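One-letter residues, chain by chain:
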Amino acid sequence: MPSSIRESAFAELAPIAELSAFARQRPLWRGAALRGVAGRVGMACVVLTLGAALFGPLLAPHDPFAITGGSLIPPSAGHWMGTDALGRDVLSGVLYGARTSLLVATAVSSIALLAGTVIGMLAGYYGGWIDNVLTRLTELFQVIPRFFFVIIAVALFGPGLDRLILTLGLTSWPILARVARGEVIAMRDLDFVRASEAMGATPSHVVWHQLLPNVMPSIVVALGLLFGQVLLLEATLGFLGLGDPSVVSWGMMAAQAQGFLREAWWLALFPGLAISVAVLGANLVADVFSSGD
């Protein structure tokens, strides 16, 4: 094909690629949806949990491991959430526990986001044997029971946040990979992708500059749901004594409250409320993003 004809064809395809990509992209921020009741409640829960995690050491009146009063003091002006069986301030434990839970959930979600997005997009775009290999790999990790996998890891290597994060991260990315793969398969034959390829764009450019912005909204929704699941799973592991004993966690506080449910209701109530608020916020925000236009 003569160069003048090729340049003319590319000139005609350029606006098609740009306009199609622009029309296909969905904004990550859905301000209109967040003005609803569910959006406001979800964002309030997220901000409250995030604020407790970021400013917990400044807001906490005491060290969470320090004995600051008598045993099993009910909520009062001196201890807003009471004290536990050892005389430790429950409010301080809840604030410090927010940092532990959000650290684990954020780190696990980051690992899952990176691995799931890369594997899913490569599998969906290239297809063929690459798709077969990566899909089988995804299915292999997806059938691994995360809970029992963590138990085995703790039994072999001992408790610790680093091992907990690594174990959960390696078993949490398949859902994001499947979402990314499905979205890419649905888009790879659309006009803006074909136009970019006809203009000479490399596969990496198409994947990361054309497809990724359009895939991210669906990934963000799945990531929000995964974030809530990890928060709940981390609390469950802490409740069973499989967390890091050197840091305070909501699950560990709930476990310590088991023997005092009748005479010290506040020991289980406040860590349980903290877990509920964090998980509810993540799920509501993800639901709002999934239903917004």
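See the structure printed just above.
Everything quoted here is computed from the prediction, not taken from an experiment.

I tried to follow the overall build of the protein on my own but got confused; where do I start?
Broken down by element type, the protein carries eleven helices and zero strands. For the protein, the succession of helices and strands along the chain, N to C, is α-α-α-α-α-α-α-α-α-α-α. Relative to its 293 residues, the protein shows a buried fraction of 43%. Counting only contacts in the protein whose residues sit at least 6 apart along the sequence, the fraction spanning at least 24 positions is 76%. As displayed, the protein offers around 14700 Å² of accessible surface, 69% of which is attributable to carbon and sulfur atoms.

I keep staring at the layout of surface pockets and nothing clicks. Help me out?
Space left empty within the atom packing is revealed by a probe, the size of a water molecule, rolled over the atoms. If you add up the space inside the largest pocket, you get close to 490 Å³. Considering the residues around the largest pocket, the lining is formed by 22 residues, among which Val-46, Gly-224, Phe-227, Ala-282 and Val-285 are closest to the centre. Elements with a minimum of two residues in the lining of the largest pocket: helix 2 (37-59), helix 3 (90-126), helix 9 (203-239) and helix 11 (266-291). Sort the elements by how many residues they give to the lining of the largest pocket and helix 11 lands first, with seven residues.

How do you make sense of unusual backbone geometry when you look at a structure like this?
In most cases, non-glycine residues show a negative phi, while peptide bonds are predominantly trans. One non-glycine residue with positive phi stands out, namely Leu-72, at about 55 degrees. By the element assignment, Leu-72 lies in the loop between helix 2 and helix 3.

Explain the environment of Tyr-125 to me, please; I cannot follow it from the model alone.
With respect to the helices, strands and loops of the structure, Tyr-125 is situated in helix 3. Assessed through its relative accessible area of 14%, Tyr-125 is described here as buried. Put simply, Tyr-125 and Ala-180 are 55 residues apart on the chain and 10.0 Å apart in space, counted from C-alpha to C-alpha. When residues no more than four places from it in sequence are discounted, the contact partners of Tyr-125 are Val-184, Arg-188, Val-193, Glu-197, Pro-203, Val-206, Val-207 and Leu-211. Polar side-chain contacts of Tyr-125 include one of 2.7 Å to the side chain of Glu-197.

Even after reading the chapter, I still don't get the pattern of salt bridges, so can you show me in this structure?
Between side chains of opposite charge, pairing is possible as soon as their charged atoms come close. The full count for this structure, using the stated rule, is six salt bridges. The salt bridge involving Arg-136 is made with Glu-139; its shortest N-O contact spans 3.0 Å. Note that Arg-136 and Glu-139 are positioned in helix 4 (residues 128-142) at a spacing of three residues, about one turn of the helix. Given the relative accessible area of 45%, Arg-136 is considered partly exposed. What makes Glu-139 partly exposed here is its relative accessible area of 32%. We note a salt bridge from Arg-194 to Glu-197, for which the minimum N-O separation is 2.8 Å.

Basis of the calculations
Residues numbered from 1 in each chain as written. Predicted model: local features only at pLDDT ≥ 70, side-chain atom pairs only at ≥ 80, totals over all residues. Heavy atoms only, no water. Helix = DSSP H or I, 4+ residues; strand = E, 2+ residues; numbered from the N terminus. Buried < 20%, exposed > 50% of the residue type's maximum accessible area, 1.4 Å probe, protein only. Contact = heavy atoms within 4.5 Å. Areas by Shrake-Rupley, 256 points an atom, 1.4 Å probe, with all protein chains shown as cover. 1 Å grid on protein atoms, 1.4 Å probe; cavity = no way out; pocket = protein on both sides within 12 Å on 5 of 7 lines; lining within 4 Å. Points joined across faces, edges and corners; volume = space filled by probe spheres on them. Polar contact = N/O pair within 3.5 Å; in protein donor to acceptor, adjacent residues only side chain to side chain. Salt bridge = Lys/Arg side-chain N within 4 Å of Asp/Glu carboxyl O.

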